[in-house]
Amino acid sequence: MSYCVGLTGGIGSGKSTVARLFAEHGVPIIDTDAISHQLTAPGGAAIDALRNEFGSACINPSGALDRAGMRQLVFIDNSAKQRLEKILHPLILEQSRALAEASTAPYVIIVIPLLFESGTYQNWLHRTLVVNCAESTQIKRAVERGGLSEDTVRAIMSHQCTRAQRLQLADDVIQNESGISALKSQVDHLHQAYLELSQRSN
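Residues numbered from 1 in each chain as written. Predicted model: local features only at pLDDT ≥ 70, side-chain atom pairs only at ≥ 80, totals over all residues. Heavy atoms only, no water.

Moving on, we get to the pairing of strand β5 (residues 172–175). Burial of β5 is one-sided: the residues D172 and I174 facing one way are buried, the residues V173 and Q175 facing the other way are not. Of the pairings in the sheet, the one linking strand β4 (residues 127–132) to β5 comprises four bridges and is parallel in character. Across the sheet, the residue bridging to L129 is D172, located in β5. (Buried < 20%, exposed > 50% of the residue type's maximum accessible area, 1.4 Å probe, protein only. Helix = DSSP H or I, 4+ residues; strand = E, 2+ residues; numbered from the N terminus. Pairing = 2+ DSSP bridges.)

Encoded structure:
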């Protein structure tokens, strides 16, 4: 199995941009959000379990999870959030591990928005990397790029680790306040570090 680096950060922190910069070095990217979408697409492996747990109302006419409806539900009902995670997280973890184990690259980046919140990844990741920026920057980016309202972004943030908690738990941190060139420089540096760490782990 490749050396596994978990990449995380709050909404609007720039995880996708950082992942793309690692991909430019030829690093395989395993995106847990993409896996989640596959699992909850029409005919996805999680659909039957979701229907059994939440009823047919949680499935839209195309046969996929009604993601907007489910997002609203888990914001107001923490038990619903836990039930959803109990279904999805083990399946996402299983597929992520399978992809990592199949990789022949020196290391892989696994993008996990709720890495620390889920509590299911740390035991098999070799290292964790947090993309960090000010909360005001997170909100601005999420509103501008995601088309979300500020209230929605703040609600999402309230369900995530705080910035301080992520920084305390991270092995490595990328600061994302100063533009793409500064970001690329940090990724270049970490790429070399991860190549060395992967060699040592073998």
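There's plenty left to go through after this.
Once that is clear, we can look at the environment of R67. Turning to its location among the elements, R67 is positioned in helix α4 (residues 67–76). Each C-alpha atom of the pair R67 and T40 lies 8.8 Å from the other, and the pair is 27 residues apart in sequence. Sequence-distant contacts of R67, that is, excluding residues within four places in its chain, are made with S36, H37 and T40. A distance of 3.4 Å separates polar atoms of two side chains, one belonging to R67 and the other to H37. (Contact = heavy atoms within 4.5 Å. Polar contact = N/O pair within 3.5 Å; in protein donor to acceptor, adjacent residues only side chain to side chain.)

Before going further, it helps to spend a moment on the packing of α4 against helix α5 (residues 78–102). Orientation of α4 relative to α5, taken along the N-to-C sense of each, is 125°, at an axis distance of 5 Å. In terms of axis orientation, α4 runs oblique to α5. In this structure, α4 uses M70, L73, V74 and I76 to contact α5, whose residues at the interface are N78, A80, K81 and L84. Considering only residue class, the contact of α4 with α5 consists of six nonpolar, one polar and one charged. (Axes fitted to C-alpha atoms, helices over the stretch in contact; angles between N-to-C directions. Parallel < 35°, antiparallel > 145°, perpendicular 65-115°, else oblique. Nonpolar A, V, L, I, M, F, W, Y, C, P; charged D, E, K, R; others polar.)

Bringing the nonpolar core into the picture now. Core analysis: the biggest nonpolar cluster contains 31 residues, and L50, F54, I110, W124 and L125 have the highest contact counts within it. Listing elements by their share of this core, those giving two or more residues are α2 (32–39), α3 (47–54), α4, α5, β3 (107–111) and α6 (115–118). Looking at which element gives the most residues to this core, the answer is α5, with seven residues. Apart from the residues lying within four places of it in its own chain, the contact partners of W124 are M1, C4, L93, S96, R97, A100 and I110. Of all hydrophobic cores here, the second largest spans 18 residues; its members include V5, Y107, I109 and I174. (Core = buried A, V, L, I, M, F, W, Y, C linked by side-chain atoms within 4.5 Å.)

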